[in-house]
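Residues per chain, in single letters:
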Amino acid sequence: MSKQINIITSTAVPLNIENVDTDQIIPARFLKATSREGFGKNLFRDWRYEDDDESKPKKDFPLNDERYKGKILVTAKNFGSGSSREHAAWAIKDYGFDVVVSSSFSDIFSNNALNNFLLPVVVNEDFLQKIFAAINENNKTELEVNLPEQTISILSTGEKENFEISDYKKTCLLNGYDDIDYLLSIKKDIEQYELQRN
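Structural notes, computed from the coordinates.

Scoring rules and cut-offs
- Residues numbered from 1 in each chain as written.
- Predicted model: local features only at pLDDT ≥ 70, side-chain atom pairs only at ≥ 80, totals over all residues.
- Heavy atoms only, no water.
- Helix = DSSP H or I, 4+ residues; strand = E, 2+ residues; numbered from the N terminus.
- Salt bridge = Lys/Arg side-chain N within 4 Å of Asp/Glu carboxyl O.
- Patch = residues over 30% accessible without salt bridge, like charges linked within 9 Å, V, L, I, M, F, W, Y side chains within 5 Å.
- Areas by Shrake-Rupley, 256 points an atom, 1.4 Å probe, with all protein chains shown as cover.
- Buried < 20%, exposed > 50% of the residue type's maximum accessible area, 1.4 Å probe, protein only.
- Core = buried A, V, L, I, M, F, W, Y, C linked by side-chain atoms within 4.5 Å.
- Contact = heavy atoms within 4.5 Å.
- Axes fitted to C-alpha atoms, helices over the stretch in contact; angles between N-to-C directions.
- Parallel < 35°, antiparallel > 145°, perpendicular 65-115°, else oblique.
- Left-handed = near helix turned anticlockwise from the far one by under 90°.
- Phe/Tyr/Trp six-rings, centres within 6.5 Å; stacked < 30°, edge-to-face > 60°.

### A look at unusual backbone geometry
Alright, step 1. Phi is positive for Asn 78, close to 60°, though the residue is something other than glycine.
Alright, step 2. Relative to the assigned elements, Asn 78 resides in the loop between strand 2 (72–75) and helix 3 (87–95).
Alright, step 3. Backbone geometry places Gln 150, a non-glycine residue, at a positive phi of 55°.
Alright, step 4. Along the chain, Gln 150 turns up in the loop between strand 5 (142–146) and strand 6 (151–154).

In structure tokens, the structure reads:
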């Protein structure tokens, strides 16, 4: 699983459905495993297959549509609502996405995503609709998500928007740090601070 995120340039998979909750992202019956690996195959399971049968993929569902590939999932507003299961972020990341773009996320989902090296990018609704329109017009449309600059661009049109992220989480994603890694990275600073206090 790739941890570091810097600049991602990729085609995108459009999921233009509002209010997608975590049970739709990864159904509760798949939550027994404790490892983060293997959840991707069950991402949006109930929407991807007829009668929960992998041999019957729903051809009109974006993840089953061969036109759509990439490391970026573009979704409609209020993505990741519902239960606080971290497995939702695991499933999206394990499937191969590094970025999820929406006009709004559940706070808990957003935090879970960041903790699992999945970047949630919030754009305004108008810009989101421009992304959907560009992908609809040309499935090979590429987006560029520039974490250092905190921008997302539609490369075919040149349109760009800034997004917000905390400095701490930005540092963690750029370096591939989890919370422990971050503390170890500033160990000398902590030790120096403690020496000054004594």
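### Focus on the pattern of salt bridges
Alright, step 1. Counted according to the given criterion, the structure contains nine salt bridges.
Alright, step 2. Because the salt bridges share partners, they merge into one network encompassing Arg 29, Arg 45, Asp 46, Asp 52 and Glu 54.

### Here's the deal with a nonpolar patch on the surface
Alright, step 1. A cluster of nonpolar side chains, Ile 180, Leu 183 and Leu 184, forms an exposed patch at the surface whose accessible area comes to about 310 Å².
Alright, step 2. Inspection of the secondary structure puts Leu 184 in helix 7 (residues 179–185).
Alright, step 3. Classification of Leu 184 by relative accessible area gives exposed; the value is 55%.

### Topic: the nonpolar core
Alright, step 1. Phe 44, Val 74, Phe 79, Val 101 and Leu 119 are the most contacted members of the largest nonpolar core, which totals 50 residues.
Alright, step 2. Take this core: its biggest share by element is six residues, from helix 5 (residues 125–137).
Alright, step 3. In this structure, Leu 119 is in contact with Ile 5, Asp 98, Val 99, Val 100, Leu 114, Val 145, Leu 147, Phe 163, Ile 165 and Leu 173, ignoring residues within four places of it in sequence.

### Some words on the packing of helix 3 against helix 4 (residues 107–115)
Alright, step 1. Running from N to C, helix 3 and helix 4 point in directions that differ by 50°, and their axes come no closer than 8 Å. Between helix 3 and helix 4, the angle falls in the class oblique. For the crossing formed where helix 3 meets helix 4, the hand is right-handed. Residues Ala 88, Ala 89 and Ile 92 of helix 3 form the contact with helix 4, whose participating residues are Phe 109, Asn 112 and Ala 113.

### Quick look at the packing of aromatic side chains
Alright, step 1. Overall, the coordinates contain eight aromatic pairs when judged by the stated rule.
Alright, step 2. Relative to Trp 47, the ring of Phe 44 lies with its centre 5.8 Å away and its plane at 5°, an arrangement referred to as stacked.
Alright, step 3. Centroid distance Tyr 95 to Phe 97: 5.3 Å. Interplanar angle 20°. Geometry classified as stacked.
Alright, step 4. Note on Tyr 95: relative accessible area 32%, which makes it partly exposed.
Alright, step 5. What makes Phe 97 buried here is its relative accessible area of 1%.
Alright, step 6. One aromatic cluster in this structure is built from Phe 44, Trp 47 and Phe 61.

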